[in-house]
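One-letter residues, chain by chain:
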Amino acid sequence: MHLRSKIWFLSLILCLQAFGLKAQNSPNRPRVGLVLSGGAAKGLAHIGVLKVLEEAGIPIDMVAGTSMGSIVGGLYALGYSADSLEKIALSQNWAALLLDEVSRDNYSNDEKDEFDKYMVSFPVKDLRPRLPGGLKTGQNISLFLNRLTLPAYSVSDFNQLPRPFLCIAADIVTGDEVVLRKGNLARALRASMAIPSVFTPVQIDNHLLVDGGIVNNFPADHLKEMGADIIIGVNLGFRLHSENELNSLSSILEQSVFFRAAERNKQNQKLVDILIQPDVYKNFTAASFNEAAKLIAEGERAARAVWPQLKALADSLAKYQPSSPPSLPPTPEFLDITSININGLKNVSKSFVLNKIKFDVPGYYSIQEIENAVELLYGTRFFSKVEYALVQNPDSGVNLIFDLDEIDYDLLRVGGKYDSEYKATLLVNTTFRNLFLKGSRLTLDFRLGDLSRIKAAYTIHSALHTARREQWINAPWLLAVFPDVTLSTEFSRYNYYTYSGNIKSALYNISKTNLQLKSTNNFSNSVSLSSDLSLDYSATDAKFVTYNLSESYSHLFASLGTTLLVDTRDSYFVPNRGLYTFLRAEAIQDISSGKNDIEDIVRLIGKWSISLPLVRNKLVLSPQTMIGYNFKPVSVPDYSLYIGGNSIHPVNEGSFPFPGIEYFERSGQAVFIQNVQFQFQMFQNHYIIAQGNMGSAQESIYNLLVNRPFYGVCLSYCYNS
């Protein structure tokens, strides 16, 4: 080797050794911790502070939070940026999220009719009114948190998050503080914000947990124990309200919940190096979620008020080797579900649950499919809460865990209707679940008035499922062999006039008794296919108006029918979106003894509508088509097809509403109605509805096509109670 080369090589070694010695002797950068206090909606101000901290270039190494501070802090620890959190906060319907507003979509088709029909419902247990442990179960917020924390589904130690994290909850039984450092992240966040008497408590291990703000609303002490050298704290309170300020439910609730932790809050503030205190008490309350943008802006303003301190800290840390901020771990598109565990079942069978979710394990499923399974279970109304967790199995795959809270009470529901023809009608319903058999439902319906009815229906939900681990045959077509089964009996009494032209010709008083066996396949909460076998005994008293004559007769009918129902509407009365399709084919045979003129009836009934929002859900267009066709002429009036009346719920299955025409005024072997409806929301829950109608009732489909239809318009007001 040449001398010059030797000198160059020796110099390189010396430089590398010097660099290594410098790096080795370089002192470690102080660890910066961030503590975020609780404050319900006011906690959205934390996002504004995070935006300023990122702008200043301050690295956050660990996070601690309580209540809303735990949600913002937990997501930030997971790797969400301040901008991402802002987008999430501004895009949420917080009222639906936190107030457990359950969409109609979440109910199965057999429950949607009950969902729409009654004005009020009362939980009843042992013939006494019953209240749950909290006003809200947190069903929607749990789904929301599970979705956001999906990137951390395999993390059970919060120290292994991109930023180490802890949050605070309180054991409602002992009153002790519980520090959550391990477990399911979404469940820990849900426990930390479970405000007593607002949200139901959360069970974790042997603790029944509620909002940590009642014991430690500003956990700077635990952040210090985690190893933070420098602590930045964002404190939203608690500030004690004066007597004059305790004039609302939110202020009284806030004072009662956080009063105990006020002194500890003061002590923990002394541990903080930079304290940021957004002014959120003047213009905001604990329920100001609809003012997310203003709260975030206030957080920014408060952080900029201490900008010199933040910038000085950032400059002092700049001399250390820079590190890139943690990034959000990738979200898996599909999860390899290798096992399913179900917790909380007492009266409902495991097979019932597995049949509803229809998961084949092992198998790959998306988070959307898992959420759809949750909604299917919740839509059965056998459960007050359906939560799930994902646990990474030691070998491979994911264990999907469902935590279910069964509804352990019955329901009493009351409603009413009024129209000028049939006057006032009182609607009463009682629903009993798991009576006699697990996974069963008994409903008793009473309609009291001129349109009277008593109906009892007992439904047994299928126990078949297709999970291979449960040794069932993997054949989805078998669901058609083992559907849900309903046995019902009904007695109804009503009367109606028939018309000759526009003149009343006869008054019919009908007493009808029905016995029906029905099987139903619920493919989703919105799609079902059912088949039924019925016996109908009908007693009729007819009084003819045009001449003095009356007669009485009775019939016994057997019928076989099938019905396809698709219902994705968000509301029955004032839908903003959704599709409705009802298609029924029915064959009816008169099996009355001693009758020579046996009548066969085959008919088809169809209804279709779609609701299309035009202007931010304020203006909705809803076209609707209704058809009915008897394949042969019908002499029994009760099975003829009629048009008329303005009742949303028809008098019988063969009658179709048409405002401006009397009930049963138009009849025919073939009927057709087309209407177009514009629905305008004036303000919350108040609607004006304009509707144009076209209809025809003829003796054949050909006459429907060639004869001129009749027309009508309708203007109505609706209050959605």
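Residues numbered from 1 in each chain as written. Predicted model: local features only at pLDDT ≥ 70, side-chain atom pairs only at ≥ 80, totals over all residues. Heavy atoms only, no water.

J.: Would you mind going over the sheet that holds strand β28 (residues 666-668) with me for this structure?
T.: Consider a sheet: its strands pair through backbone hydrogen bonds, and that pairing is either parallel or antiparallel. The sheet built from three strands is open, its strands ordered β27-β26-β28 with mixed pairing. The open sheet is flanked by β27 (655-656) and β28, the only strands paired with a single partner. (Pairing = 2+ DSSP bridges. Helix = DSSP H or I, 4+ residues; strand = E, 2+ residues; numbered from the N terminus.)

J.: So what exactly am I meant to see when it comes to helix α3 (residues 68-78) here?
T.: Every α-helix carries 3.6 residues per turn, so stepping three or four residues along brings you back to the same face. Here α3 lies mainly inside the structure; 11 of its 11 residues are buried. Every buried residue of α3 is listed here: Met68, Gly69, Ser70, Ile71, Val72, Gly73, Gly74, Leu75, Tyr76, Ala77 and Leu78. With its phi angle positive at about 125°, glycine 79 sits one or two positions after the end of α3. (Buried < 20%, exposed > 50% of the residue type's maximum accessible area, 1.4 Å probe, protein only.)

J.: Sorry if this is basic, but what is going on with the environment of arginine 413 here?
T.: You can see arginine 413 is positioned in strand β15 (residues 410-419). The spatial distance from the C-alpha of arginine 413 to the C-alpha of leucine 427 is 8.1 Å, given a sequence separation of 14 residues. In this structure, arginine 413 is in contact with Glu114, Tyr118, Val120, Ser121, Leu427, Val428, Asn429 and Thr431, ignoring residues within four places of it in sequence. A polar contact of 2.8 Å, which involves the side chain of arginine 413, links it to the side chain of threonine 431. (Contact = heavy atoms within 4.5 Å. Polar contact = N/O pair within 3.5 Å; in protein donor to acceptor, adjacent residues only side chain to side chain.)

J.: When you look at the pattern of salt bridges in this model, what are you seeing that I'm missing?
T.: Oppositely charged side chains can form a pair if their charged atoms are brought close together. Scanning the entire structure with this criterion turns up 28 salt bridges. Here aspartate 567 ties to arginine 104 by a salt bridge, and the two come within 2.8 Å at their closest N and O atoms. You can see aspartate 567 sitting in strand β22 (residues 549-567) and its partner arginine 104 sitting in the loop between α5 (94-98) and α6 (109-117), a full 463 residues away along the chain. Of the two residues, aspartate 567 and arginine 104, both sit in the buried class. For lysine 294, the salt bridge identified is with glutamate 291, shortest N-O distance 3.8 Å. On the basis of relative accessible area, lysine 294 is assigned to the exposed category, the value being 53%. (Salt bridge = Lys/Arg side-chain N within 4 Å of Asp/Glu carboxyl O.)

J.: Honestly, the packing of aromatic side chains in this entry has me stumped. Any pointers?
T.: Pairs of aromatic rings are described using the distance from one ring centre to the other and the angle between the two planes. Evaluation of the coordinates by the stated rule reveals 15 aromatic pairs. On the basis of an interplanar angle of 20° and a centroid distance of 4.2 Å, the ring pair of tyrosine 496 and phenylalanine 664 is categorised as stacked. Of this pair, tyrosine 496 sits in strand β19 (residues 484-500) while phenylalanine 664 sits in the loop between β27 and β28, and the two are 168 residues apart along the sequence. In terms of burial, tyrosine 496 and phenylalanine 664 fall into one category: buried. Note on tyrosine 642 and phenylalanine 664: the rings are 4.8 Å apart at their centroids and 70° apart in plane angle, and the pair reads as edge-to-face. Within this pair, whereas tyrosine 642 is found in strand β26 (residues 641-643), its partner phenylalanine 664 is found in the loop between β27 and β28, the two being separated by 22 residues in sequence. Since its relative accessible area comes to 4%, tyrosine 642 is described here as buried. Members of the aromatic cluster, joined through ring pairs, are Tyr494, Tyr496, Tyr508, Tyr642 and Phe664. Seen from the ring of tyrosine 76, arginine 163 lies directly overhead, with NZ or CZ sitting 4.1 Å from the centre. A cation over a ring is seen here: lysine 607 above phenylalanine 582, with NZ or CZ 6.0 Å from the ring centre. (Phe/Tyr/Trp six-rings, centres within 6.5 Å; stacked < 30°, edge-to-face > 60°. Lys NZ or Arg CZ within 6 Å of the ring centre and 35° of its normal.)

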